[in-house]
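Chain residues, written in single-letter form:
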Amino acid sequence: MRFVSGERLDGHKIYSLHEPDVLCNSKEKEGKKYEFGNKVSNVRLWDGIIIGALSFRNEYDGHTIDKAMEQVRRLYDRKIKTLACDRGCRGQSMSGQTQIMIPGTPRKTDSQYVKNKTNKLFRKRAGIEPVIGHCKADHRLGRNFYKGLFGDSINVMLAAVAFNFKRAMRLFFVPC
């Protein structure tokens, strides 16, 4: 059997017998070096609505941007001018007509207005972290019970829909 005879540094390991598509992802973080599962890409508007949610295999974050933006173009039917990403998406500055902005140190030639505007943009970008946390804790994104790669992608989309539906219900039932 393949899982019995696997070597320590061999890339062909089976991590789960009931789900053979599980991969080990390295996180490049100090406390938790590895995790098992898929990567998730969420695209959120400034008002908090998730308009794009995709599941990826073990891909570099910068390579997920084009696929996520394609899904947003298909579903949202509007052009997005600026996309704020984290530092994991380095290496790409444009996706179609969308400018990709990654936080960094401001240039000396930037005016105070430009510095304040980019700082505000990246503070808004940091708001996706609680959204991911709520999807994991409240909407079952943290643990997937669906089978296969198709089940992984369905779980991500259902968690995003549940998050948006909960926001819509809260707005609907708030007394004016």
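Preceding this section is the structure that the text describes.
A.B. asks: Give me the packing of aromatic side chains: which residues, what numbers.
C.D. replies: Throughout the structure, instances matching the rule amount to one aromatic pair. On the basis of an interplanar angle of 80° and a centroid distance of 5.0 Å, the ring pair of phenylalanine 172 and phenylalanine 173 is categorised as edge-to-face.

A.B. asks: Any details on the sheet that holds strand β6 (residues 94-95)? Residues and values, ideally.
C.D. replies: The strand order across the open sheet built from three strands is β5-β7-β6, with neighbouring strands paired in mixed fashion. The two strands at the open ends of the sheet, each matched to only one other strand, are β5 (82-84) and β6. Looking at chain direction, β5 and strand β7 (residues 98-101) are connected through three bridges and run parallel. Bridge pairing in β7 places threonine 82 opposite glutamine 99. Taken strand by strand, helix α2 (residues 112-125) contacts β5 and β7, and its axis lies near 60° from that of β5.

A.B. asks: Please give an account of the nonpolar core that cites residues and values.
C.D. replies: With 14 residues, the main nonpolar core has Ile51, Ile65, Leu83 and Cys85 as its most contacted residues. Counting residues per element, this core draws most heavily on helix α1 (residues 65-76), at four residues. Formed by ten residues, the second largest nonpolar core is a distinct cluster that contains Ala53, Val131, Cys135 and Phe163.

A.B. asks: If you had to explain unusual backbone geometry to someone new, which residues and values would you point to?
C.D. replies: Phi at aspartate 77 takes a positive value of approximately 60°, unusual for a residue other than glycine. Along the polypeptide, aspartate 77 turns up in the loop between α1 and β5. Overall, aspartate 77 belongs to the exposed group, its relative accessible area being 67%.

A.B. asks: With reference to specific residues and values, describe helix α4 (residues 148-172).
C.D. replies: If you check α4, its first and last C-alpha atoms are 36 Å apart, about what 25 residues at 1.5 Å a residue would give, namely 36 Å. Every buried residue of α4 is accounted for by Gly148, Gly151, Asp152, Ser153, Asn155, Val156, Ala159, Ala160, Phe163 and Asn164. Packed against the buried residues of α4 are β3 (39-44), β4 (50-56) and α3 (128-138).

A.B. asks: Help me get a handle on the environment of alanine 126, residues and values and all.
C.D. replies: Among the secondary structure elements, alanine 126 is positioned in the loop between α2 and α3. Overall, the relative accessible area of 39% leaves alanine 126 in the partly exposed class. In this structure the C-alpha to C-alpha distance between alanine 126 and aspartate 86, which are 40 residues apart in sequence, comes to 8.5 Å.

A.B. asks: So what's going on with the pattern of salt bridges? Which residues, and what values?
C.D. replies: Pairing is possible between side chains that carry opposite charge, provided their charged atoms lie close to one another. Per the counting criterion, the structure on display carries five salt bridges. Put simply, glutamate 70 and arginine 73 hold a salt bridge, and the shortest N to O gap is 4.0 Å. Highlighted residues: glutamate 70 and arginine 73, both in helix α1, separated by three residues, approximately one helical turn. Look at arginine 73 and you get partly exposed, because its relative accessible area is 34%.

A.B. asks: Could you give an account of a nonpolar patch on the surface, naming the residues involved and the relevant values?
C.D. replies: The grouping of Phe165, Met169, Phe172 and Phe173 at the surface amounts to a nonpolar patch, some 480 Å² of accessible area in total. Locating phenylalanine 165 in the fold gives a position in helix α4. For phenylalanine 165, a relative accessible area of 53% puts it in the exposed group.

A.B. asks: Quick one: what's the story with the packing of α3 against α4, residue by residue and with numbers?
C.D. replies: Direction vectors running N to C along α3 and α4 enclose 105°, while the axes themselves pass 10 Å from each other. The pairing of α3 with α4 is recorded here as roughly perpendicular in orientation. Residue-level contacts link Val131, His134, Cys135 and Asp138 of α3 to Ala159, Phe163 and Lys166 of α4. Of the residues assigned to the contact of α3 with α4, the class counts are four nonpolar, one polar and two charged.

Analysis parameters
- Within each chain, residues carry numbers counting from 1 in the order of the written sequence.
- Only residues with pLDDT of at least 70 get local features here, since the model is predicted, and only at 80 or more are side-chain atom pairs given and counted; chain-wide, interface and lining totals rely on the full set of residues.
- The basis for every side-chain value is the complete set of non-hydrogen atoms in the structure, without hydrogens or water.
- Only Phe, Tyr and Trp rings are paired, with Trp represented by its six-membered ring, and only when their centres lie within 6.5 Å; those with planes under 30 degrees apart are stacked, over 60 edge-to-face, the remainder tilted.
- At least two DSSP bridges between two strands are needed for those strands to be called paired.
- Helix numbering and strand numbering both begin at the N terminus, where a helix is a DSSP run of H or I of at least 4 residues and a strand a DSSP run of E of at least 2.
- Contacts between residues were defined by any pair of non-hydrogen atoms, one from each residue, lying within 4.5 Å.
- Lines fitted to C-alpha atoms define the axes here, with helix axes fitted over just the stretch in contact, and angles between the N-to-C directions of these axes take values from 0 to 180 degrees.
- Among buried residues, the Ala, Val, Leu, Ile, Met, Phe, Trp, Tyr and Cys ones that are joined through side-chain atoms within 4.5 Å form a nonpolar core.
- Whether a residue is buried, partly exposed or exposed follows from its accessible area with a 1.4 Å probe, protein chains only, as a fraction of its type maximum: under 20%, in between, or over 50%, in that order.
- One less than the residue count of a helix, multiplied by 1.5 Å, gives the span that helix is expected to have.
- Note on definitions: salt bridges are taken to be side-chain nitrogens of Lys or Arg within 4 Å of carboxyl oxygens of Asp or Glu.
- Exposure above 30% relative accessible area and the lack of any salt bridge qualify a residue for a patch; like charges then connect within 9 Å, and the nonpolar side chains Val, Leu, Ile, Met, Phe, Trp and Tyr within 5 Å.
- Where accessible areas are quoted, they stem from the Shrake-Rupley method and a 1.4 Å probe; at the residue level, only the protein chains shown are allowed to cover.
- The labels follow the angle: roughly parallel below 35 degrees, roughly antiparallel above 145, roughly perpendicular from 65 to 115, and oblique for the rest.
- Put simply, Ala, Val, Leu, Ile, Met, Phe, Trp, Tyr, Cys and Pro go in the nonpolar bin, Asp, Glu, Lys and Arg in the charged bin, and everything else, Gly too, in the polar bin.

By themselves, these figures tell us nothing about what the structure is for.
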